Amino acid sequence: MIIFDLDGTLWDTTMNTYKAANIIASLYDEVKEISLDIIKKGMGLGEKENAKNYMPYLNEDKAVYYLNEIIKKNIETMDEDGAILYDGVYDTIVNLSKKYKLGIITNNKDEYVDTFFKISGLKDYFVDYMGAATYGITKGEAIKKMIDRNNEPNSFYVGDIEKDMISTEEAGINFIHARYGFEPELDSQYYIDDIRDLEELLDKIY
């Protein structure tokens, strides 16, 4: 089974998130403007980590509440504006689905994955997906749960940041680093510089 991260791996929603975050900031006096650098830093973080990243001056409960408002607004803006899929994502996913079971796991919520499916038109090519924040679990726990329920212990997780790699190790499977994403410098045995390289790499591994 090949399981994918979303942000920095299949699509880039940085500008969508930046727009949504500052719409929410404009509505609430206690939420300060959120810079693009902070948005980029938050890509791939868990819910509480990202709430602290966005709003370190608020207590955890308030920060998580406003983060969830940002997430809801982000989904609305993506429904209106679309989002940027990396070149080659559609064809790569279609081709891989002929050989492997495919899944998606994100630290975000299930609705975020649903939005990806709506924008990309790729839902039918994935057998499973999970937004870890929906279930209050870590990405590593979500990966383990997915490989167990699909009975696919010999799986790979494709992600772009160190936390993806650590979560993959916690789940006991192999990691493929998408070096075109948000953290290009990681010490990973397997890596790709373009999503279109993934099929060839997997053919060599398997």
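First, a word on scope: everything that follows refers to the structure included in this document. (Residues numbered from 1 in each chain as written. Predicted model: local features only at pLDDT ≥ 70, side-chain atom pairs only at ≥ 80, totals over all residues. Heavy atoms only, no water.)

**Structural notes on helix α10 (residues 198-205)**
For α10, the complete set of buried residues consists of Leu198, Leu201 and Leu202. The arc enclosing the buried residues of α10, seen along the axis, measures out at 95°, which places them on a common side. (Buried < 20%, exposed > 50% of the residue type's maximum accessible area, 1.4 Å probe, protein only. Helix = DSSP H or I, 4+ residues; strand = E, 2+ residues; numbered from the N terminus. Arc of directions from axis to C-beta.)

**Remarks on the pairing of strand β6 (residues 156-159)**
Here β6 shows no split at all, with Phe156 and Val158 on one side and Tyr157 and Gly159 on the other all buried. Bridge analysis of strand β1 (residues 2-4) against β6 gives three bridges, and the strand direction is parallel. Looking across to β6, one finds that Ile2 is bridged to Phe156. Pairing between β6 and strand β7 (residues 174-178): four bridges, direction parallel. Bridged to Phe156 within β7 is Asn174. (Pairing = 2+ DSSP bridges.)

**Brief notes about the layout of surface pockets**
Estimated volume of the largest pocket: approximately 370 Å³. Along the wall of the largest pocket there are 18 residues; nearest its centre are Gly46, Glu49, Asn107, Thr138 and Lys139. Elements that contribute at least two residues to the lining of the largest pocket include exactly α3 (47-54), α7 (132-135), α8 (139-149) and α9 (162-171). Residue classes in the lining of the largest pocket are distributed as five nonpolar, seven polar and six charged. (1 Å grid on protein atoms, 1.4 Å probe; cavity = no way out; pocket = protein on both sides within 12 Å on 5 of 7 lines; lining within 4 Å. Points joined across faces, edges and corners; volume = space filled by probe spheres on them. Nonpolar A, V, L, I, M, F, W, Y, C, P; charged D, E, K, R; others polar.)

**Looking at the pattern of salt bridges**
Going through the model one piece at a time under the given rule, you end up with 17 salt bridges. Here Lys139 makes a salt bridge to Asp5, at a shortest N to O gap of 3.1 Å. Of this pair, Lys139 sits in helix α8 while Asp5 is found in the loop between β1 and β2 (11-12), placing the two residues 134 residues apart along the sequence. Ionic contacts of the salt-bridge type, sharing partners, join the residues Asp5, Lys139 and Asp164 into one network. (Salt bridge = Lys/Arg side-chain N within 4 Å of Asp/Glu carboxyl O.)

**Quick word on the side chain of Asn150**
With respect to the helices and strands, the residue Asn150 is situated in the loop between α8 and β6. If we skip the residues at most four places from it in the chain, Asn150 touches Met1, Lys101, Val127 and Asp128. (Contact = heavy atoms within 4.5 Å.)

**Points about the nonpolar core**
Core analysis: the biggest nonpolar cluster contains 47 residues, and Phe4, Leu10 and Phe126 have the highest contact counts within it. In this structure Leu10 touches Phe4, Asp5, Leu85, Tyr86, Val89, Ile93, Ile104, Phe116, Phe126 and Ile195, once residues within four positions along its chain are discounted. (Core = buried A, V, L, I, M, F, W, Y, C linked by side-chain atoms within 4.5 Å.)

**Side note on a negative patch on the surface**
A grouping of Glu141, Glu162, Glu169, Glu170 and Glu183 is seen on the molecular surface, where their side chains present a negatively charged patch. Looking at which element gives the most residues to the negative patch, the answer is α9, with three residues. (Patch = residues over 30% accessible without salt bridge, like charges linked within 9 Å, V, L, I, M, F, W, Y side chains within 5 Å. Areas by Shrake-Rupley, 256 points an atom, 1.4 Å probe, with all protein chains shown as cover. Lys, Arg positive; Asp, Glu negative; His and termini not counted. Charge placed at Lys NZ, Arg CZ, Asp CG, Glu CD.)

**Observations regarding the packing of aromatic side chains**
Within the structure shown, the criterion is met by 13 aromatic pairs. A centroid spacing of 5.9 Å and a plane angle of 55° characterise the contact between Phe116 and Phe117, whose relative ring orientation is tilted. Given the relative accessible area of 0%, Phe116 is considered buried. The exposure class assigned to Phe117 is buried, which follows from its relative accessible area of 6%. Linked through ring pairs, Phe4, Trp11, Tyr112, Phe116, Phe117, Phe126 and Tyr129 together constitute an aromatic cluster. Directly above the aromatic system of Tyr57 lies the positively charged group of Lys32, at a separation of 4.5 Å from the ring centroid. Over the ring of Tyr191 we find Arg179; its NZ or CZ atom is 3.8 Å from the centre of that ring. (Phe/Tyr/Trp six-rings, centres within 6.5 Å; stacked < 30°, edge-to-face > 60°. Lys NZ or Arg CZ within 6 Å of the ring centre and 35° of its normal.)

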